[in-house]
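What follows is each chain in one-letter form.
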Amino acid sequence: MSDKLPFLDQTLDLEARVTLLMERMTLDEKVALLRGKGFWGTPSIKRLGVKSFGLTDGPHGVAPHSNNWRKNTYFPTGITVGSTWNPDIAFKFGEALARETRANNKHVILGPGINIHRTPLCGRTFEYLTEDPFLNKEIAVAIVKGIQGQRISACIKHFVANNQETKRMSVDVKVSRRALEEIYLPAFKAAVMEGGAWSVMACYNKIGGLHGCENEMLLKETLMEKWGFEGFVVSDWFATNKTRGTASCLNAGLSLEMPGGPFGAKFFKKKKILSAIKSGEVTEETLNSNLRRLLRVMFLVGMFDEPDTVPKGARNIPEHWKIARQVAEQGMVLLKNENNLLPLGLDSIKSIAVIGPNANKKKGMWGGSSEVRCMHEVTPLEGIKKKCRNRVKIVSHPSDADFAVVVVGLGHKIGMDTEGFDRKKLSIPNKHVSLIKKTVEQNPNTFVVLVNGSPVSMEGWVEDVPVILEAWYGGMEGGHVVADILFGDVNPSGKLPVTFPKRLEDSPAHDPELNKDGRTYPGIRDSSDGQFRVYYDEDIYVGYRHFDTREIDPLFPFGHGLSYTTFQMEIDKQMPRSFSGDDVLTCRVNIKNTGLVAGSEVVQLYIQPVNPPVQRPLKELKGFKKVFLQPGEEKIVEFSVTKASLSYYSDDKDGFVASAGEYILNIGNSSRGIKIREKISYEG
Ligand code: BGC
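An account of the accompanying structure is given in this report. Small disclaimer: the values here were computed from a predicted structure and weren't measured.

1. Overview of the nonpolar core
No. 1: Phe 159, Tyr 184 and Leu 223 are the most contacted members of the largest nonpolar core, which has 117 residues in total.
No. 2: With 8 residues, the top contributor of residues to this core is helix α5 (residues 133-148).
No. 3: Judged by nonpolar contacts, the second largest core, of 64 residues, contains Tyr 74, Val 354, Val 462 and Leu 496.

In structure tokens form, the structure reads like this:
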């Protein structure tokens, strides 16, 4: 066989194998590969043994709609992964997701979703990781490496500035180069340059007047030329339809238009590509280069290798359920715990009431393209019941119980956490608020468990309840984890990856000063040309960058999350206080568990420039480390402060610049929980 098809020779180098395959392809065959066959794969070329290259949703589990309605492991959603602040668990999650993908005979998993949480109202906040570019990149790189270590292609999405669902297909995002470079691009850049991502999904929206699929500045110049991306760009599903057409997408570097088939997207149909080539609008060289990118990944995922040399897949195995559970354990965030009411003791209480619309609702099946069907999904009620069996009575009336747990929040209904639509308001539904209030009247020991995937306001009830646990969408094992946290089998260690504002107007995209007529959200129609545009006038002041710089008190700050133990942080006073050029300044922090139980803390480093030459956020996250400690145990955490940690994007220099001067290292356990402030200087 390998005599006939030399590209099957695994000893040859990747580019040589791709060349050998391309040399054997006719123009028609090449063109056919650039558009899907149906919704979830490319056509095969029997003659050359090229099988269909399979793509599947989605970011927190292999989706039913792209896999014959099969059940697969339902992992916690992106915001929960972001809340772990733990690249190691993100890596394991990526690995498991890839094995599930392989077991479904697919080669590309359409995730992770790494758009920034710009507004809490974005319907897909639950799928994305965080509001902060540094946390985003650390977690994204880990997920990509986890996936691709299994020789499955990650597909980072949606490139870029797809930060709202309202008019997502047509909105033109007006964002400065500086905000792109400092906020919206870093995770994509790192996923490519550090994570080695093999594919990128181009977004629906326009950026600076051009849709993602035809945006040469973003695809060609930034992604490919500046970052050296060698994989392929796929359109979001039907995203090419609104572009200027075949030539502009091909010339921008798009390799694959999805979906295909009679009801698919329209511009990479064979006739259209051939006619663009004939007219000279597209050269064969461009076609070959775009195809080479796609074929390269087909080789990388092992489509032309002996099956036993490619990592094996597996799905729905207890090991993956365990990973789903670990992500939830590390991602749920204890927001409030007055008088250390938690954890509860199974032996010290007699009864507990578990009520509320989210207490027994399964969440996996909905939310848009990221939905997952799974074999079992443990709800909070089921988890608590199992834990309490034969020990604590579960009652339905709060007044009859020692403690009441009200499980409220959002869901994947339109207007809540769902694709295609944004949320309507920041608060949870009025009915949920009334239920909390009523329960508090019946029992002051009322705990709120939130099941939702984006920040919510808590006006009118936050002061009245002593305990609030943010459980997010915790995947198929989430209910067990809620019970484990309530009863202390798991010491919570999740930290908010996004600021919780008190009121929507406090949030940067909704600041009434900026948001005249909806300019910064959801956008306005320009009467001169009829184009709907959203202006990112808050610029680089996204998330806590806005709250901190403008001194607005959040409801719960970025990075916040409580534990059942206490920690003490101390900086090594012997550290150097200045550095220059490309040197590295190492800052050591001693962290000690000063409480009575084992637990994890996330040591967070925020760097604050003193008198910067340009406007800058008060401080920015530039390092973090999650540390697990037994009672009394201590460890040293090391942060490397480099030129890059101090830099901002300069339009004049068209690149990142670190100005000489003083900086303060703020070290703590949230953006507002700063425990140590240490001044350093950079000599330039
Ligand atoms: C979504 C993508 C998804 C694709 C395929 C699109 O509508 O924006 O995230 O991967 O559909 O389902």
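2. A short note on helix α10 (residues 270-278)
Note: α-helices contain 3.6 residues per turn, so residues at a spacing of three or four share the same orientation.
No. 1: All buried positions along α10 are accounted for by Ile 273, Ala 276 and Ile 277. Seen along its axis, α10 keeps its buried residues to an arc of 100°; they face one direction. Of the exposed residues in α10, the ones pointing more than 90 degrees away from its buried face are Lys 271 and Lys 278.
No. 2: Of the surrounding secondary structure, the elements contacted by the buried residues of α10 are α2 (27-32), α9 (246-252) and α11 (284-300).
No. 3: A positive backbone phi angle near 85° is found at Gly 280, which sits one or two residues after α10.

3. Some thoughts on the sheet that holds strand β19 (residues 585-593)
No. 1: Ordered by their spatial adjacency, 3 strands build an open sheet running β17-β19-β22, and the pairing between neighbours is antiparallel. At either end of the open sheet lies a strand with only one pairing partner, and these are β17 (567-571) and β22 (634-641). Between one strand and the next, the sheet's axes are offset by a mean angle of 25°, whatever the strand orientation.
No. 2: With 8 bridges connecting them, β19 and β22 associate as antiparallel partners. Considered in β22, the bridge of Thr 586 is made with Ser 640.

4. Thoughts on the site of the ligand
No. 1: Taken together, the neighbourhood of the ligand is formed by 13 residues, with Asp 57, Arg 124, His 158, Tyr 204 and Asp 236 sitting nearest.
No. 2: Within the side chain of Glu 419, an N or O atom sits 2.9 Å from an oxygen atom of the ligand.
No. 3: Across the complex, the protein chains shield 93% of the 310 Å² of accessible surface that the ligand would expose by itself.
No. 4: Each residue belonging to the shell around the ligand can be placed in one class, and the counts come to 5 nonpolar, 2 polar and 6 charged.

5. A look at the packing of helix α4 (residues 87-103) against α5
No. 1: In the contact formed by α4 and α5, the axes pass within 7 Å of each other and the chain directions differ by 35°. For α4 against α5, the interelement crossing comes out right-handed. Residues Pro 87, Ala 90, Phe 91, Phe 93, Gly 94, Glu 95, Leu 97 and Ala 98 of α4 lie in contact with α5, whose contacting residues are Glu 138, Ile 139, Ala 142, Ile 143, Lys 145, Gly 146 and Ile 147.
No. 2: Each residue belonging to the contact of α4 with α5 can be placed in one class, and the counts come to 10 nonpolar, 2 polar and 3 charged.

6. Re the sheet that holds strand β5 (residues 199-202)
No. 1: With parallel pairing, 5 strands are arranged side by side in an open sheet as β1-β2-β3-β5-β8. A strand with exactly one partner marks an edge of an open sheet, and here the two such strands are β1 (55-56) and β8 (232-235).
No. 2: Here 2 bridges tie strand β2 (residues 108-109) to strand β3 (residues 153-159), and the two strands are oriented parallel to one another. From the neighbouring strand, Val 108 faces β3, where its bridge partner is Ser 153.
No. 3: Strands in contact with α5 are β2 and β3; relative to β3, the strand with the most contacts, it is inclined by about 145°.

7. So, the pattern of salt bridges
No. 1: Taken as a whole and judged by the stated rule, the model has 45 salt bridges.
No. 2: Salt-bridge contacts for Glu 15 lead to Arg 296; the nearest nitrogen and oxygen are separated by 2.8 Å. Taken together, the positions of Glu 15 in helix α1 (residues 14-23) and Arg 296 in helix α11 put the pair 281 residues apart, joining distant regions of the chain.
No. 3: Arg 296 sits in the buried class, given a relative accessible area of 12%.
No. 4: Note that Arg 168 is salt-bridged to Glu 419, the shortest N-O span being 3.1 Å. Here Arg 168, found in the loop between β3 and β4 (172-174), pairs with Glu 419, found in the loop between β12 (403-409) and α14 (430-442); they are 251 residues apart in sequence, far enough to count as distant.
No. 5: Judged by relative accessible area, Glu 419 falls into the buried class, the value being 16%.
No. 6: Salt bridges linked by common partners bring Arg 325, Glu 329, Lys 387, Glu 477, Asp 484 and Asp 489 together as one network.

Definitions and cut-offs
- In this convention, every chain numbers its residues from 1, walking through the sequence in written order.
- For this predicted model, a pLDDT threshold of at least 70 governs which residues receive local features, and a threshold of 80 or more governs which side-chain atom pairs are given and counted, while totals over whole chains, interfaces and linings are taken from all residues.
- Heavy atoms throughout the structure, all of them, feed into the side-chain values; hydrogens and water do not.
- In this description, a nonpolar core means a group of buried Ala, Val, Leu, Ile, Met, Phe, Trp, Tyr and Cys residues linked to one another through side-chain atoms lying within 4.5 Å.
- Relative accessibility thresholds used throughout: buried, under 20% of the residue-type maximum; exposed, over 50%; partly exposed, between the two (1.4 Å probe, protein chains only).
- Starting at the N terminus, helices and strands are each numbered in turn, a helix being any DSSP run of H or I of at least four residues and a strand any DSSP run of E of at least two.
- Each direction from the helix axis to a C-beta atom contributes to the arc, which is the arc of those directions.
- In this description, contact between two residues means that some pair of their heavy atoms is separated by no more than 4.5 Å.
- For two strands to be treated as a pair, DSSP must find at least two bridges joining them.
- Lines fitted to C-alpha atoms define the axes, with helix axes restricted to the stretch in contact, and inter-axis angles between N-to-C directions lie between 0 and 180 degrees.
- The rule for a residue being near a molecule or strand is that one of its heavy atoms must lie within 4 Å of it.
- Counted as a polar contact is a pair of N or O atoms within 3.5 Å, where, for protein atoms, one must be capable of donating a hydrogen and the other of accepting one, and residues adjacent in sequence contribute only when both atoms are in side chains.
- Each accessible area is a Shrake-Rupley result for a 1.4 Å probe, and residues are judged covered by the shown protein chains and nothing else.
- Basically, the charged four are Asp, Glu, Lys and Arg, the nonpolar ten are Ala, Val, Leu, Ile, Met, Phe, Trp, Tyr, Cys and Pro, and anything else, Gly included, counts as polar.
- Each helix crossing is assigned a hand: it is left-handed if the near helix lies turned anticlockwise from the far helix by less than a right angle, otherwise right-handed if that turn is clockwise.
- Salt bridge criterion: a side-chain nitrogen from Lys or Arg within 4 Å of a carboxyl oxygen from Asp or Glu.

By themselves, these observations are geometric and do not establish any function.
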